[in-house]
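# Summary of structural features
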Amino acid sequence: MSTTGPARPNTRKLLIRTWGCQMNVYDSGRMADILAPLGYAPTESAEEADMVILNTCHIREKASEKVFSDLGRLRETKKARAAEGRETVIAVAGCVAQAEGAEITARAPWVDIVLGPQTYHRLPEMVARASRAAGAVIETDFPAEDKFDHLPEARGPQGPVAFLTIQEGCDKFCSFCVVPYTRGAEFSRPAAAILAEARQLAANGAREIALLGQNVNAWAGASPDGNSWRLARLLRELAEIPGVARLRYTTSHPRDMDDDLIAAHGEIPALMPYLHLPVQSGSDRVLAAMNRGHKADLYLRLADRLREVRPDIALTSDFIVGHPGETAKDFEDTMRLVEQVGFAGAYSFKYSARPGTPAAAQPGAVAEAEKDTRLQALQALLRQQQDDFNRACVGRVVDVLITGTGRHPGQVAGRSPWLQPVHAPLAHGGAAPVGAVVPMQLRATHPNSLSATMVLPEESAAA
Ligand code: SAH
Ligand code: SF4
Ligand code: F3S
């Protein structure tokens, strides 16, 4: 089916705003897929949009509050459009929708649809119901099976980098986290469905596929041979698909890094030397209070074993400072773990109490000013490590996946095996179409990227 045919007179415009994790990015894409046959074409402008979907995140207080400030602005837009006789359907999707449900329409009655992450396949029906104007439509049921069974199979052209959700939900119940409540129990998609979607993505031009899941390495899926596979086996199968040059997976839990998965990092060339492995804290006391189910030592051993099989692997992580009960000594333990591991990058956050989670009721709240001080110290160390990592790459010749043109004319942009953004002048005689993997020599570090020069075939032959 062509997506570039003449515009239909009844074409409507759809704006989707996405917050939160990559699973939300994936879901936003699938919502666009499912609404396309109804005549909804994407737009970036709220004034132009006949339907606006806010795909929201509940992970920290700030993330959820953004939704309501956005909704305030949309109320005005909706009024202005109504004055011109144009209807605007406003939908709130994602984890705030799941967590707050009907409270959203109570606080913002101009919202037409509230839909939880497991109900996106029912979106067309909800839009029809909302247009009949029988009050707000609220859908926040589980489970995930239905969603994956009923989303359309065909996915439009994706570009060279694609996301593929293979697992949803979480059974870990870390003390601080809303995900088990907003995304429900762990659910693994069957291998055959994942392989079919990956083949389709590759046929549409994807060269790099990132497998997604809240606990992606807990994936355990029914396989075509009747056994249950784990992630390492799935990665081996995916690596065989023609066109797939690169594989990644995110986000992993230290407890689910099994032996075969560690070995896979040394054995599958398409599996990129990069792993995002959140640790949250370096203190055994805090890890226990967080219900993470492992000690700091397990994390250090995992880092060693991964580097044994893949010495150039870049490790990145997530940290929380100021979890209830975290003392100055606990925080020192986190700093020590960071020094011992050496990260190529990391996200770090101040603990944010989330209603309904166990940590919100734990004693020992850390003062806001103390959290700020700890966060600054941690971020300075992590930034230093990231700079060191990037600087150590300068001079190396590495494969860069071309993802588009650079910001300046005659430049190409891409990403390194370690997910660093790279830009390079298009060398005379060098070809670098989007989707090509080309060798480049990394030349210099910049605040958010590395500059490089393309290594032409004759140079690499002579090298
Ligand atoms: N499934 C992943 C991450 C989920 S959320 C994992 O298990 O690690 C992404 C990150 O947000 C978490 O790793 C954590 O560092 C942070 N986060 C989650 N809840 C938080 C809270 N209440 N306050 C501050 N940061 C939080
Ligand atoms: Fe949240 Fe913990 Fe589950 Fe990650 S493992 S999603 S931090 S509960
Ligand atoms: Fe946020 Fe939900 Fe993802 S809370 S991080 S959007 S799973």
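Please read these numbers as outputs of a predicted model, since none were measured by experiment.

## Here's the deal with the overall build of the protein
Summing up its helical and strand segments, the protein has 15 helices and 21 strands in all. When the backbone C-alpha atoms are referred to their principal axes, the protein occupies close to 65 × 65 × 50 Å. Each of the 463 residues in the protein was classed as buried or not, and the buried ones make up 52%. Sequence separation of at least 24 residues holds for 72% of the intrachain contacts in the protein that already meet a minimum separation of 6. Of the charged side chains in the protein, 50 are positive and 54 negative; the average position of the first set lies 3 Å away from that of the second.

## Observations regarding the UniProt feature "binding site: [4Fe-4S] cluster 1" (unreviewed entry) in the protein
The UniProt record annotates "binding site: [4Fe-4S] cluster 1" (unreviewed entry) at Cys 21, Cys 57 and Cys 95. A stretch of 75 residues holds the annotated residues, and the largest C-alpha distance among them is 10.4 Å, short enough that they meet in one place. If you trace the backbone, Cys 21 turns up in the loop between strand E1 (12–18) and helix H1 (22–35). Relative accessible area serves as the criterion here: at 38%, Cys 21 is assigned to the partly exposed category. Relative to the assigned elements, Cys 95 resides in helix H3 (residues 94–100).

## Concerning the packing of helix H13 (residues 328–341) against helix H14 (residues 368–393)
Running from amino to carboxyl end, H13 crosses H14 at an angle of 5°, the nearest separation of the two axes being 10 Å. With respect to H14, the axis of H13 lies roughly parallel. Mapping the contact onto sequence places Ala 328, Phe 331, Thr 334, Met 335, Val 338 and Glu 339 in H13 and Arg 374, Ala 377, Leu 378, Leu 381, Leu 382 and Gln 385 in H14. Here the residues of the contact of H13 with H14 are counted per class, giving eight nonpolar, two polar and two charged.

## Quick word on the UniProt feature "binding site: [4Fe-4S] cluster 2" (unreviewed entry) in the protein
UniProt's feature table lists "binding site: [4Fe-4S] cluster 2" (unreviewed entry) at Cys 170, Cys 174 and Cys 177, given in the numbering used throughout. Relative to the helices and strands, Cys 170 resides in the loop between strand E8 (167–168) and helix H7 (179–182). The class of Cys 170 is buried, set by a relative accessible area of 8%. Excluding anything up to four places from it in sequence, Cys 170 contacts Val 179, Pro 180, Gly 184, Ala 185, Glu 186 and Asn 215. Cys 174 has contacts with Met 290, Asn 291 and Arg 292, leaving out every residue within four places of it along the chain.

## Structural notes on the site of ligand 3
In the vicinity of ligand 3, the contacting residues are Cys 21, Asn 24, Thr 56, Cys 57, His 58, Ile 59, Cys 95, Val 179, Arg 183 and Gln 214. Grouping the amino acids of the shell around ligand 3 by side-chain chemistry returns five nonpolar, four polar and one charged. Both of domain 1 (12–139) and domain 2 (156–272) provide at least three residues apiece to the shell around ligand 3.

## With respect to the site of ligand 2
Inspection of the region around ligand 2 gives Cys 170, Lys 172, Phe 173, Cys 174, Phe 176, Cys 177, Val 179, Pro 180, Asn 215, His 253 and Arg 292 as its neighbouring residues. In terms of residue class, the shell around ligand 2 is built from seven nonpolar, two polar and two charged.

## As for helix H2 (residues 61–83)
The end-to-end C-alpha distance of H2, which contains 23 residues, comes to 34 Å, matching closely the 33 Å that a straight helix rising 1.5 Å per residue would cover. The complete set of buried residues in H2 reads Ala 63, Ser 64, Val 67, Phe 68, Asp 70, Leu 71, Leu 74, Thr 77, Lys 78 and Arg 81. Those residues of H2 that are buried are in contact with E1, strand E3 (51–56), strand E4 (89–93), H3 and helix H4 (102–107). Where H2 terminates, the next one or two residues include Gly 85, which has phi positive at roughly 80°.

## A few points about the nonpolar core
If you look at the biggest cluster of nonpolar residues, it comprises 55 residues, and the most contacted ones within it are Leu 211, Leu 234 and Tyr 249. Of the residues that make up this core, three or more belong to each of domain 2 (156–272) and domain 3 (307–393). Not counting the four nearest positions on each side in its chain, Tyr 249 is found in contact with Leu 211, Val 216, Leu 231, Leu 235, Met 257, Leu 261, His 265, Leu 271 and Leu 275. In this structure, Leu 15, Leu 54, Val 96 and Val 114 belong to the second largest nonpolar core, which totals 21 residues.

## Looking at the pattern of salt bridges
Scanning the model with the defined rule gives 37 salt bridges in all. With its nearest N and O atoms 3.6 Å apart, the salt bridge here joins Arg 107 to Glu 65. Of the two residues, Arg 107 is situated in helix H4 and Glu 65 in helix H2; the sequence distance between them amounts to 42 residues. Assessed through its relative accessible area of 39%, Glu 65 is described here as partly exposed. Note that Glu 168 and Arg 183 form a salt bridge whose closest N and O atoms lie 3.4 Å from each other. Note that Glu 168 is positioned in strand E8 and Arg 183 in the loop between H7 and strand E9 (187–188), a separation of 15 residues in sequence. For Glu 168, a relative accessible area of 1% translates into the label buried. Shared partners join several salt bridges into a network, and the residues in it are Arg 30, Asp 33, Arg 189 and Glu 197.

## Quick look at the domain arrangement of the protein
Domain assignment breaks the protein into domain 1 (12–139), domain 2 (156–272), domain 3 (307–393) and domain 4 (394–462). With centres defined by C-alpha atoms, the gap from domain 1 to domain 4 works out at 38 Å.

## As for the sheet that holds strand E10 (residues 208–212)
Spatially, E7-E10-E13 is the arrangement adopted by the three strands of the open sheet, whose pairing is parallel. Two strands in the sheet have a free side with no partner beyond their single neighbour: strand E7 (161–165) and strand E13 (246–250). If you compare each strand with its neighbour and ignore which way they point, the axes differ by 20° on average. Here E10 pairs with E13 via five bridges, running parallel. For Glu 208, the partnering residue across the bridge sits in E13 and is Arg 246.

Rules and cut-offs
- Residues numbered from 1 in each chain as written.
- Chains lettered and ligands numbered in written order.
- Predicted model: local features only at pLDDT ≥ 70, side-chain atom pairs only at ≥ 80, totals over all residues.
- Heavy atoms only, no water.
- Helix = DSSP H or I, 4+ residues; strand = E, 2+ residues; numbered from the N terminus.
- Buried < 20%, exposed > 50% of the residue type's maximum accessible area, 1.4 Å probe, protein only.
- Contact = heavy atoms within 4.5 Å.
- Lys, Arg positive; Asp, Glu negative; His and termini not counted.
- Charge placed at Lys NZ, Arg CZ, Asp CG, Glu CD.
- UniProt positions renumbered as here; feature names shortened; annotations may be inferred.
- Axes fitted to C-alpha atoms, helices over the stretch in contact; angles between N-to-C directions.
- Parallel < 35°, antiparallel > 145°, perpendicular 65-115°, else oblique.
- Nonpolar A, V, L, I, M, F, W, Y, C, P; charged D, E, K, R; others polar.
- Near = heavy atom within 4 Å.
- Domains from an automatic or database assignment.
- Expected span 1.5 Å × (residues − 1).
- Core = buried A, V, L, I, M, F, W, Y, C linked by side-chain atoms within 4.5 Å.
- Salt bridge = Lys/Arg side-chain N within 4 Å of Asp/Glu carboxyl O.
- Pairing = 2+ DSSP bridges.

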